[in-house]
Amino acid sequence: EACRTSIAEWMYRVVDHFRVDREVVAIALSYIDRVLSANHCADRRTFKLISSASLHLAMKVHFPNKWKDIGKLIPDLSQ
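So, a few notes on the structure that sits alongside this text.

Conventions we followed
- Residues numbered from 1 in each chain as written.
- Predicted model: local features only at pLDDT ≥ 70, side-chain atom pairs only at ≥ 80, totals over all residues.
- Heavy atoms only, no water.
- Core = buried A, V, L, I, M, F, W, Y, C linked by side-chain atoms within 4.5 Å.
- Buried < 20%, exposed > 50% of the residue type's maximum accessible area, 1.4 Å probe, protein only.
- Helix = DSSP H or I, 4+ residues; strand = E, 2+ residues; numbered from the N terminus.
- Contact = heavy atoms within 4.5 Å.
- Salt bridge = Lys/Arg side-chain N within 4 Å of Asp/Glu carboxyl O.
- Expected span 1.5 Å × (residues − 1).
- Arc of directions from axis to C-beta.

### Regarding the nonpolar core
If you look at the biggest cluster of nonpolar residues, it comprises 19 residues, and the most contacted ones within it are Met 11, Val 15, Val 24, Ile 32 and Leu 55. For this core, the secondary-structure elements that each account for two or more residues are helix 1 (2–17), helix 2 (23–38) and helix 3 (44–62). When residues no more than four places from it in sequence are discounted, the contact partners of Leu 55 are Trp 10, Met 11, Val 14, Val 15, Val 24 and Ala 28.

### Structural notes on the pattern of salt bridges
Here the structure, examined in full by the defined rule, presents two salt bridges. Two residues, Arg 4 and Asp 33, come together in a salt bridge whose shortest N-O distance is 2.8 Å. A residue pair is termed long-range when its members are at least 10 positions apart, and Arg 4 in helix 1 and Asp 33 in helix 2 qualify at 29 residues. With a relative accessible area of 30%, Arg 4 lands in the partly exposed category. Among the salt bridges present, the one from Arg 22 reaches Asp 16, with a minimum N-O distance of 3.0 Å. In this structure Arg 22 comes out as partly exposed when scored by relative accessible area, which is 43%.

### A few points about helix 1
Here helix 1 contains 16 residues, and its C-alpha end-to-end distance of 23 Å stays within 8% of the 22 Å for a straight helix at 1.5 Å per residue. Turning to helix 1, its buried residues are Ile 7, Ala 8, Trp 10, Met 11, Val 14 and Val 15. For helix 1, the arc enclosing every buried residue in end-on projection is 165°, short of the 170-degree limit, so these residues lie on one face. Away from its buried face, by an angle of more than 90 degrees, helix 1 presents the exposed residues Ala 2, Arg 13 and His 17. Of the residues one or two after helix 1, Arg 19 is the one with positive phi, at around 55°.

Keep in mind these values describe shape, not function.
This is how it looks when you write it as structure tokens:
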């Protein structure tokens with residue numbers, strides 16, 4: 001639960017920075033929940049990877065116009 005909270009806060013910082021609708025975080029968290037309900041996530045590194053991929057996918061699908069500016073920066077922001 002603590003990991004999920006910190007990831008959600010990170011996602012909100014990212015979408016606020018790029019002025020993307022905050023709804024994308026709810027979509028990404030939904031993706032995370034779906035993945036974790038089907039698979040056990042044993043470590044923090046895997047959870048971070050799932051989280052980054054979920055945010056990436058949610059932004060790309062729901063905000064394709066913004067994606068051109070954001071796509072290359074997400075890996076750097078997750079450091």
